[in-house]
Amino acid sequence: MAEIIHLPTKPAPRTPREPEPLWRDALGDRLRRLRHERGERLADTADCAGVSPQYLSEIERGLKEPSSEMIAAVAGALEVTLVELTAAVVDDLRSHAVERAVVGVRASYSLAA
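The structure reproduced in this document is the subject of the present report. Please read these numbers as outputs of a predicted model, since none were measured by experiment.

Definitions and cut-offs
- Residues numbered from 1 in each chain as written.
- Predicted model: local features only at pLDDT ≥ 70, side-chain atom pairs only at ≥ 80, totals over all residues.
- Heavy atoms only, no water.
- Buried < 20%, exposed > 50% of the residue type's maximum accessible area, 1.4 Å probe, protein only.
- Helix = DSSP H or I, 4+ residues; strand = E, 2+ residues; numbered from the N terminus.
- Arc of directions from axis to C-beta.
- Contact = heavy atoms within 4.5 Å.
- Expected span 1.5 Å × (residues − 1).
- Core = buried A, V, L, I, M, F, W, Y, C linked by side-chain atoms within 4.5 Å.

### Overview of helix α3 (residues 53-60)
Among the residues of α3, Leu56, Ser57, Ile59 and Glu60 are the ones counted as buried. Viewed end-on, α3 has its buried residues packed into an arc of 160°, placing them on one side of the element. The elements touched by buried residues of α3 are α1 (23-37), α2 (42-49) and α4 (68-77). Phi turns positive, to about 75°, at Gly62, one or two residues after α3.

Here it is in structure tokens:
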């Protein structure tokens, strides 16, 4: 006869995790850093890219999902290629993931102590 296996009725509680950053947030952060490194004002970069300063500000704050054409225009105004910009954003996202993993490991060690 078959053995009856009782399954738990409630799933094990999961520890809440910090949400991952959105692409638009990471992109905006990187664009702002590039602009600051160049010592440019928001209005100067926006003018060079052909967008309004308000729109560029919203991109930098992660409030807008810019089209690929807008990203290319802003990247061009900052004198970086799309490949360079994309690679920098990916590196930022990877480093954030590593930081989250390290914090998670530290938290599990502190709970065990």
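What follows picks up the thread again.
### Considerations on α1
In a regular helix each residue adds 1.5 Å, so 15 residues correspond to 21 Å; α1 covers 21 Å between its end C-alpha atoms and thus fits that length. All of the buried residues in α1 are Ala26, Leu27, Gly28, Arg30, Leu31, Leu34 and Arg35. Count one or two residues on from α1 and you reach Gly39, which has phi positive near 70°.

### Considerations on the nonpolar core
Of all hydrophobic cores here, the largest spans 17 residues; its most connected members are Leu27, Leu31, Val74 and Leu85. Among the elements of the structure, α1, α2, α3, α4 and α5 (82-112) are those that each provide at least two residues to this core. Among residues more than four places away in sequence, those in contact with Val74 are Leu31, Ala49 and Leu56.

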